[in-house]
Structures are given as C-alpha cells and as structure tokens.
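Close look at the chain arrangement
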Amino acid sequence: MTKIYSDQVYSGTLTTGSVTVATIAANTTFIMKGFCISNANAADKKAELLIDDKRILPYIKAIPTGDALIRSDLNIPVATTKTIKVKGEVATDMDYYIWGVNEVTS
C-alpha cells in the first residue's frame, strides 16, 4: 500500500443551518490540523464545528465581534465517508477556514 499526502483547505461563509463542507473520499483520511472562524458582525456570535456529527466546537460560547477563534494545534483524523459540518448564528459576517492533510491509500 502506498500513501500519498496532499494539503487540503475548506473555506467559506457560515450559514444559520448546519452545512456539510466536506465528505471524506474513499481510501482517504483527512487529518485536520486547524481551523479559524471569524466574526465580522456587530455583535458577538456563536459557531459550531462538527466532525462525524460530534461537536468539536460547540454552539455555546460566542466569538467576540471583530475577532476570530483560531486553533492550529490539532491532529484530528477524519475517516473515509465521515463529514465536516459548520453552522453560524448569522447567515453572513462569519467565515471559516479549515486546513489539514489528505492521506490517500492506494
């Protein structure tokens, strides 16, 4: 078995409904290295990040206005067919950036 590694980035704007931003492909494991969620809204707003429907960032604590929540110390494997989902308290003004490495087995 050969393993091939490639960088992967997912980014976009949060919405008020939970949205799948990634479904991990066959023979692939995505290793999440970090994420950033920013809040450009005039008020503090909450966000949620789920992997395989498990809360990595729970929808409890708000991100302050004009600030961002950044985690760059992660090493979370997301296996084949599992999903990454995001949700924000508002449909605009909150962006996400998720980065990591795809490990593809062939």
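Assignment of secondary structure puts Ala68 in strand E7 (residues 67-71). Overall, Ala68 belongs to the partly exposed group, its relative accessible area being 30%. In this structure Ala68 touches Cys36, Ile37, Ser38 and Ile63, once residues within four positions along its chain are discounted.

Moving on to the side chain of Asn41. Considering the arrangement of structural elements, one finds Asn41 in the loop between strand E3 (28-39) and strand E4 (45-51). Residues within four places of Asn41 in sequence aside, it is in contact with Thr65, Gly66, Val90 and Asp93.

Locating Ile63 in the fold gives a position in strand E6 (residues 62-63). Sequence separation between Ile63 and Thr81 is 18 residues; the distance between their C-alpha atoms is 30 Å. Ile63 has contacts with Ile37, Asn39, Asp44, Lys45, Ala47, Ala68, Leu69 and Met94, leaving out every residue within four places of it along the chain.

Take the nonpolar core next. Counting residues in hydrophobic clusters, the biggest one holds 22 residues, and the most contacted among them are Met32, Ile37, Ile84 and Ile98. Put simply, the parts of the chain that give this core at least two residues each are strand E2 (19-23), E3, E4, strand E9 (83-88) and strand E10 (94-105). In terms of residue count, the dominant contributor to this core is E3 (4 residues). Beyond its immediate sequence surroundings of up to four residues, Ile84 is in contact with Tyr10, Val19, Thr20, Val21, Ala22, Phe30, Met32, Leu49, Leu50, Ile51, Val78 and Ile98.

When you line up the elements, Asn75 lands in the loop between E7 and strand E8 (76-78). Overall, Asn75 belongs to the exposed group, its relative accessible area being 55%. Here the alpha-carbon distance between Asn75 and Ile31, two residues 44 residues apart in the chain, equals 6.0 Å. Excluding residues within four positions of it along the chain, Asn75 makes contact with Ile31, Met32 and Lys33. Of note is the side chain of Asn75, whose polar atom sits 3.0 Å from the side chain of Lys33.

Cut-offs and rules
Within any chain, residue numbers begin from 1 and follow the written order of that chain's sequence. Confidence filtering applies because this is a predicted model: local features only for residues at pLDDT of at least 70, side-chain atom pairs given and counted only at 80 or more, and all residues used for totals across whole chains, interfaces and linings. Side-chain measures here rest on the full set of heavy atoms in the structure, leaving out hydrogens and waters. Labels follow the DSSP assignment, with helices taken as runs of H or I lasting at least four residues and strands as runs of E lasting at least two, numbered in each case from the N terminus. In this scheme, a residue with accessible area under 20% of its type's maximum is buried, one over 50% is exposed, and one in between is partly exposed, where area comes from a 1.4 Å probe on protein chains only. Whether two residues are in contact is decided by their heavy atoms, any of which lying within 4.5 Å being enough. Throughout this description, the term nonpolar core refers to a set of buried Ala, Val, Leu, Ile, Met, Phe, Trp, Tyr and Cys residues connected via side-chain atoms within 4.5 Å. Two N or O atoms count as a polar contact when they lie within 3.5 Å, although within protein this holds only if one can serve as hydrogen donor and the other as acceptor, and sequence-adjacent residues are included solely when both atoms are side-chain atoms.

In short, the description is geometric, and any link to function would need to be established separately.
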